[in-house]
Amino acid sequence: MSKGESIWDLAIETVHQQEKEGKDGQQENRPAEESSVFLMGSKSSGKTSIILRFLDRDEAAKPTTALEFTFGRRARNNLAKDVVNIWELGGGTFLSRLVDTAVTVNSVRQLGIILVLDLSRPEELWVTMETLLKQARAATDRSITELDKLQPGTKQALRKKALEKYDGHPDKDMIDPFPVPLVIIGGKYDVFQDFDSEKRKIICKTLRFVAHTYGASLLFFSLKMKQLIDRGRMMFNHLAFSTSAPHPKSMQLEHSKPIYIPAAADDFQQIGPPPLPEGNVGTMSARNPVELWKQAFTGHFPQVSAVPTVQDDPAKDPQYAESSIDAMRQQKDEELERYRKNSERKAREIARMRDGLKM
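It should be emphasised that the depicted structure is a prediction, and the values quoted were computed from it without experimental measurement. (Residues numbered from 1 in each chain as written. Predicted model: local features only at pLDDT ≥ 70, side-chain atom pairs only at ≥ 80, totals over all residues. Heavy atoms only, no water.)

Here's the deal with the overall build of the protein chain
Broken down by element type, the protein chain carries 11 helices and 7 strands. Burial status across the protein chain gives 38% buried among its 359 residues. Look at the contacts in the protein chain between residues 6 or more apart in sequence, and 70% of them connect residues 24 or more apart. Roughly 21,400 Å² of accessible area belongs to the protein chain as shown, and the carbon and sulfur atoms make up 52% of that amount. (Helix = DSSP H or I, 4+ residues; strand = E, 2+ residues; numbered from the N terminus. Buried < 20%, exposed > 50% of the residue type's maximum accessible area, 1.4 Å probe, protein only. Contact = heavy atoms within 4.5 Å. Areas by Shrake-Rupley, 256 points an atom, 1.4 Å probe, with all protein chains shown as cover.)

Next comes the structure, spelled out in structure tokens:
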């Protein structure tokens, strides 16, 4: 007991410590839990790299073909292991309908969604964000509606949980939060930081508006900056295992620095009005604020739809090699080639016979 402390001070401190240890013990002694994290976003934006950093795997990222699955585990002191199922959608918006495969009745109650956007390609940013958020929202709402039929009250409970953090917030009646936790990550910040200041300001304000409107956390990420890697890993852990999110004290609003804003920490007054292009103010008409911000952003950065390219045959990709299946595939390919040649030979013989009859 230090000088100046009474026996009552010591008793109060001891009680507080015991209460803390009790809560920690309850956390550690709870049964093992299973959750899901679904990543989607711009093509080649760093989704796979974010997963590898979370799983602490020191390996090079490979291109994602369609929808890929992996999982992670976290052991607790009571030897129970929490499991997180990790789904990654590749190809940008091209295969957005595969969202329904990962967002289901079985996963939606313990689901977190991460949208990764390529900050270095603002000409694709809005169309990618809009397409994938719309698809994810539809799949989430469908799954929750189906689950609510099996477990009445689920829909209301998830809605209440999504709005809890906005109690007392001045924008509570103006937002439409996702019914499951949503994180928007701006990838390739190392490239983005060299953009013109005004361009960075427009992109940051727009992403802040979208994130705040949908109740999402927003953070920027780069594989070349350790601080941003650590922050991204901490946020992933938060979604996967309900650990602490990056501390609100590290929040960053300035467009000249890597943005980090936890859900419900921003507000529309701080974000300001949409950056309408000069000369276009009188020509714009929007049904809602999101539409107005879309028109403003695309006025500065006209969007180009990512044209899907023909992918290399994934069956020939070494990362998917399966000796027995590959051998069978090779046999079938050889049989098909022989059939093709026989068919062509017979077609030539029939053509010659017809030519002979005409003569």
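Some details on the nonpolar core
Judged by nonpolar contacts, the single largest core of 51 residues is most densely connected at Phe38, Met40, Ile113, Met129, Leu133, Leu207 and Phe220. Sorting elements by how many residues they give to this core places helix α4 (residues 122-150) first, with 9 residues. Ignoring any residue separated from it by four or fewer positions in sequence, one finds leucine 133 in contact with Met40, Leu115, Phe178, Leu182, Val210 and Tyr214. Val84, Val116, Ile185 and Met235 belong to the second-largest nonpolar core, a separate cluster that totals 21 residues. (Core = buried A, V, L, I, M, F, W, Y, C linked by side-chain atoms within 4.5 Å.)

Quick notes on the sheet that holds strand β3 (residues 81-89)
The mixed open sheet is built from 7 strands, whose spatial order is β2-β3-β1-β4-β5-β6-β7. Here the strands that pair on one side only, and so sit at the sheet edges, are β2 (67-75) and β7 (260-261). With 6 bridges connecting them, strand β1 (residues 34-41) and β3 associate as parallel partners. The residue of β3 that forms the bridge with serine 35 is valine 84. Packing against the sheet, helix α2 (residues 47-54) makes contact with β1, β2, β3, β4 (111-118) and β5 (182-187), and its axis sits at approximately 165° to β3. Where α4 meets the sheet, its contacts fall on β1, β3, β4 and β5, and the angle it forms with β4 comes to roughly 165°. (Pairing = 2+ DSSP bridges. Axes fitted to C-alpha atoms, helices over the stretch in contact; angles between N-to-C directions.)

Focus: the environment of tyrosine 189
Looking at the secondary structure, you find tyrosine 189 in helix α6 (residues 189-192). Residue tyrosine 189 is classed as buried on the basis of its relative accessible area of 3%.

A few points about the packing of aromatic side chains
Across all of its chains, the model carries 12 aromatic pairs by this definition. The interplanar angle of 80° and the centroid separation of 5.7 Å between the aromatic rings of phenylalanine 192 and phenylalanine 220 together place this pair among those described as edge-to-face. Of the two residues, phenylalanine 192 is situated in helix α6 and phenylalanine 220 in strand β6 (residues 217-220); the sequence distance between them amounts to 28 residues. Each member of the pair phenylalanine 192 and phenylalanine 220 is classed as buried. Judged by centre distance (5.1 Å) and plane angle (40°), the ring pair of phenylalanine 297 and phenylalanine 301 falls under tilted. Residue class for phenylalanine 301 comes out buried when judged on its relative accessible area of 8%. Members of the aromatic cluster, joined through ring pairs, are Tyr189, Phe192, Phe195 and Phe220. (Phe/Tyr/Trp six-rings, centres within 6.5 Å; stacked < 30°, edge-to-face > 60°.)

A look at α2
With 7 of 8 residues buried, α2 is to be regarded as a mostly interior element. Directly after α2, the chain includes aspartate 56, whose backbone phi takes a positive value near 60°.

Describing the pattern of salt bridges
All told, the structure shown has 14 salt bridges when counted by the stated rule. Salt-bridge contacts for arginine 137 lead to aspartate 141; the nearest nitrogen and oxygen are separated by 3.5 Å. Linking arginine 137 with aspartate 141, this pair stays in helix α4, spanning 4 residues, or about one helical turn. Taking the shortest distance from any N to any O, the salt bridge between arginine 233 and aspartate 230 comes out at 3.3 Å. (Salt bridge = Lys/Arg side-chain N within 4 Å of Asp/Glu carboxyl O.)

What about the packing of α4 against helix α10 (residues 289-300)?
Following both chains from N to C, one finds α4 and α10 inclined at 160°, their axes separated by 10 Å at the closest point. Considered as vectors, α4 and α10 are oriented roughly antiparallel to each other. Our pair here, α4 against α10, has a crossing hand that is left-handed. Contact with α4, carried on its side by Pro122, Leu125, Trp126 and Glu130, involves Val290, Trp293, Lys294, Phe297 and Thr298 of α10 and no other residues of that element. Here the contact of α4 with α10 is composed, by residue class, of 6 nonpolar, 1 polar and 2 charged. (Parallel < 35°, antiparallel > 145°, perpendicular 65-115°, else oblique. Left-handed = near helix turned anticlockwise from the far one by under 90°. Nonpolar A, V, L, I, M, F, W, Y, C, P; charged D, E, K, R; others polar.)

What about the pairing of β1?
Most of β1 is tucked away: 7 of the 8 residues are buried. As paired strands, β1 and β4 are joined by 6 bridges and run parallel to one another. The residue bridging valine 37 from the neighbouring strand is glycine 112, located in β4.

Points about the side chain of aspartate 190
Here aspartate 190 is to be found in helix α6. A distance of 2.9 Å separates the side chain of aspartate 190 from the side chain of serine 222, its partner in a polar contact. (Polar contact = N/O pair within 3.5 Å; in protein donor to acceptor, adjacent residues only side chain to side chain.)

Re the packing of α4 against helix α7 (residues 197-213)
Where α4 meets α7, the axes come as close as 12 Å, and the angle between the chain directions of the two elements is 5°. By the angle between their directions, the pair α4 and α7 is classed as roughly parallel. On α7, the residues touching Pro122, Leu125, Trp126, Met129 and Leu133 of α4 are Ile203, Thr206, Leu207 and Val210. Of the residues that constitute the contact of α4 with α7, the class distribution is 8 nonpolar, 1 polar and no charged.

Some words on the pairing of β3
In this sheet, β3 lies alongside β2 in antiparallel orientation, the contact comprising 9 bridges. The residue bridging phenylalanine 71 from the neighbouring strand is asparagine 85, located in β3.

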